[in-house]
Amino acid sequence: MKIVILDGYTENPGDLSWEEFEALGEVTVYDRTPKEMIVERIGDAQAVITNKTPMTRQTLDNCPSIRYIGVLATGYNVVDTGAAKEKGIPVTNIPTYGTTAVAQMVFALLLEVCHHVGAHSQAVKDGAWSRNPDWCFWNYPLIELAGKTMGIIGFGRIGQAAGKIAKAFGMEVLSYDQYPNDAGRQIGEYVSLDELYARSDVISLHCPLFPETTGMINKESIAKMKKGVIIINTSRGPLIVEEDLAEALHQGKVYAAACDVVSTEPIRPENPLLGCYNSILTPHIAWAPKESRSRLMDIAAQNLKAFIDGAPVNVVNL
Ligand code: NAD
């Protein structure tokens, strides 16, 4: 079987191996594939592996040898799954691989807001401590989390994992989810969205991007939050109306926002969050510790092997 990996770089920039795929066929790996080269690079391959490279109906029409599409991610909106279904091509995804890594990143971001470790370390290296008249100094307010309330919107796998860590920090956990479950009740109190906005000192977003969640953090919802709230977003950028958040950050209504995801990625130079002194922005790295990527690689190869063996798993479109 000919296998083409269209954009393998973010999954494996060189610290992992494609050998599990190589055991299944003749593999060609491209770091990235520009749109105009997709059809040519797929050629007569039967299996196509993509992360963010789009697989449109037109591409499927132009590449009749495709029998299988594997997405190297949980979200599979880059593939026209309907068109693939019409042609009987299974599309698979990786349902879960990075829950603990994303939950850990929530706290990397939150602790950065609380302690500004990076900035303080840089200040020390720049000589500010050597020149300081006192035995210590701090350049930002320092925040203790114990006793504070964390509101988690979307209390699924990652939300609940983040909730467990919040509890370990001594925080009270509130959650909002359309589908409450017993595991969630062990971790936090389910409340309405308005109650979560009103009571939370920290709000962390973990619901998927749906039409009804797009733009849910906006002028109106921010108005319902406590003054000085901290907002963390490791889910999807378009959950937030960035202009409204930027204004609230400038006004101090929102004390700080830490986002691993933004509305357009890579971030546009004109993104309003870039201009906020109290925003922390990371380049969509929550999923990317080597351990998570290695897990993702294993599952992606197992997905292809299961297809070859005639018993496909993690199929999202058939
Ligand atoms: P999950 O499906 O386990 O949990 C999502 C939860 O959101 C579910 O409990 C669901 O009931 C709930 N939900 C659905 N609609 C809702 C709504 N309208 N309001 C409130 N809650 C709603 O998913 P997960 O594995 O916990 O992942 C959560 C999100 O994290 C994903 O959608 C993805 O966008 C994001 N993610 C980001 C990274 C990263 O690198 N930053 C990595 C992986 C996942």
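Where an unreviewed UniProt entry is consulted, the protein appears under the name D-2-hydroxyacid dehydrogenase, with the organism given as Candidatus Scybalocola faecigallinarum. Note on the protein: under the UniProt heading Sequence similarities (unreviewed entry), the record states "Belongs to the D-isomer specific 2-hydroxyacid dehydrogenase family."

Peer 1: Just give me the short version of the nonpolar core, but keep the residues and values in it.
Peer 2: Counting 28 residues, the largest nonpolar core has Phe107, Leu110, Met150, Met171, Val202, Ile230 and Ile232 as its most contacted members. Those elements that place two or more of their residues in this core are helix H5 (99-115), strand S6 (149-153), helix H7 (157-168), strand S10 (229-233) and strand S11 (254-259). Top element by residues in this core is H5. It accounts for 9 residues. Among the nonpolar cores identified, the runner-up in size contains 25 residues, and Tyr197, Leu239, Leu245 and Val254 belong to it.

Peer 1: Please provide a residue-by-residue account of the pairing of strand S7 (residues 172-176), values included.
Peer 2: The sheet contact formed by S6 and S7 spans 5 bridges and is parallel. Each bridged residue has a counterpart across the sheet, and for Ile153 the counterpart in S7 is Tyr176. Viewed along the sheet, the connection from S6 through H7 into S7 turns out right-handed. With 2 bridges joining them, S7 and strand S8 (residues 189-190) adopt parallel strand pairing. Counted as the bridge partner of Leu174 is Glu189 from S8. Taken together, S7, helix H8 (residues 182-187) and S8 form a β-α-β motif whose crossover is right-handed.

Peer 1: How would you sum up the UniProt feature "domain: D-isomer specific 2-hydroxyacid dehydrogenase NAD-binding" (unreviewed entry) in the protein? Please name residues and give values.
Peer 2: In the numbering adopted here, UniProt assigns the feature "domain: D-isomer specific 2-hydroxyacid dehydrogenase NAD-binding" (unreviewed entry) to residues 107-286. In this annotation, residues 107-286 is assigned 32% helix and 17% strand; the end-to-end C-alpha distance for the span is 11 Å.

Peer 1: If you had to explain the sheet that holds strand S3 (residues 47-50) to someone new, which residues and values would you point to?
Peer 2: Spatially, 5 strands are ordered S2-S1-S3-S4-S5 in an open sheet, and the strand pairing comes out parallel. Two strands lie at the open edges of the sheet, namely strand S2 (26-29) and strand S5 (91-92), each paired on one side alone. Where strand S1 (residues 2-5) lies against S3, 3 bridges are found, and the strand directions are parallel. The residue of S3 that forms the bridge with Ile3 is Ala47. Here helix H12 (residues 290-308) sits on the sheet in contact with S1, S3, strand S4 (68-71) and S5, set at roughly 160° to S4.

Peer 1: Residue-level account of the pattern of salt bridges, with values.
Peer 2: As enumerated under the stated definition, the model contains 14 salt bridges in all. Glu172 is paired through a salt bridge with Arg199; the nearest N and O atoms lie 2.9 Å apart. Taken together, the residues span a long stretch of sequence, with Glu172 in strand S7 and Arg199 in helix H9 (residues 193-199) at a distance of 27 residues. Residue Glu172 is classed as partly exposed on the basis of its relative accessible area of 37%. When the shortest N-O distance is used, the salt bridge between Glu189 and Arg199 registers 3.5 Å. Here the residue Glu189 occupies a position in strand S8, and Arg199 occupies one in helix H9, the gap between them amounting to 10 residues. For Arg199, a relative accessible area of 28% translates into the label partly exposed. Linked by salt bridges that have partners in common, Glu172, Glu189, Glu195 and Arg199 make up one network.

Peer 1: Report on the packing of aromatic side chains, specifying residues and quantitative values.
Peer 2: Between two aromatic rings, the relevant description is the distance of the centres plus the angle of the planes. Across all of its chains, the model carries 4 aromatic pairs by this definition. Judged by centre distance (4.9 Å) and plane angle (35°), the rings of Tyr68 and Phe307 are tilted. With Tyr68 in strand S4 and Phe307 in helix H12, the pair connects residues that are 239 residues apart, well separated along the chain. Looking at Tyr68, the relative accessible area reads 0%, which means it is buried. Here Arg32 stacks its cationic end above the ring of Tyr9, 4.8 Å away from the centre of that ring.

Peer 1: Please provide a residue-by-residue account of the UniProt feature "domain: D-isomer specific 2-hydroxyacid dehydrogenase catalytic" (unreviewed entry) in the protein, values included.
Peer 2: Residues annotated by UniProt as "domain: D-isomer specific 2-hydroxyacid dehydrogenase catalytic" (unreviewed entry) correspond here to residues 17-317. The distance from the first to the last C-alpha atom of residues 17-317 is 28 Å, and the span holds 35% helix and 15% strand.

Peer 1: Kindly report on the site of the ligand, identifying the contributing residues and their values.
Peer 2: Contacts to the ligand come from 22 residues, most closely from Arg157, Ile158, Asp177, Gln178 and Thr234. Thr234 places a polar main-chain atom, nitrogen or oxygen, 2.9 Å from a nitrogen atom of the ligand. When the free accessible area of the ligand is taken as 860 Å², the share hidden by the protein chains comes to 83%. The class makeup of the residues in the shell around the ligand is 10 nonpolar, 8 polar and 4 charged.

Peer 1: How would you summarise the environment of Ser200 if you had to cite specific residues and measurements?
Peer 2: Mapped onto the secondary structure, Ser200 falls in the loop between H9 and strand S9 (202-205). In terms of polar contacts, Ser200 uses its side chain to reach the backbone amide nitrogen of Gly151, at 3.4 Å. A polar atom in the side chain of Ser200 sits 2.7 Å from the backbone oxygen of Leu196.

Cut-offs and rules
- Residues numbered from 1 in each chain as written.
- Predicted model: local features only at pLDDT ≥ 70, side-chain atom pairs only at ≥ 80, totals over all residues.
- Heavy atoms only, no water.
- UniProt positions renumbered as here; feature names shortened; annotations may be inferred.
- Core = buried A, V, L, I, M, F, W, Y, C linked by side-chain atoms within 4.5 Å.
- Buried < 20%, exposed > 50% of the residue type's maximum accessible area, 1.4 Å probe, protein only.
- Helix = DSSP H or I, 4+ residues; strand = E, 2+ residues; numbered from the N terminus.
- Pairing = 2+ DSSP bridges.
- Right-handed = clockwise from strand over helix to strand, strands pointing away.
- Contact = heavy atoms within 4.5 Å.
- Axes fitted to C-alpha atoms, helices over the stretch in contact; angles between N-to-C directions.
- Salt bridge = Lys/Arg side-chain N within 4 Å of Asp/Glu carboxyl O.
- Phe/Tyr/Trp six-rings, centres within 6.5 Å; stacked < 30°, edge-to-face > 60°.
- Lys NZ or Arg CZ within 6 Å of the ring centre and 35° of its normal.
- Near = heavy atom within 4 Å.
- Polar contact = N/O pair within 3.5 Å; in protein donor to acceptor, adjacent residues only side chain to side chain.
- Areas by Shrake-Rupley, 256 points an atom, 1.4 Å probe, with all protein chains shown as cover.
- Nonpolar A, V, L, I, M, F, W, Y, C, P; charged D, E, K, R; others polar.

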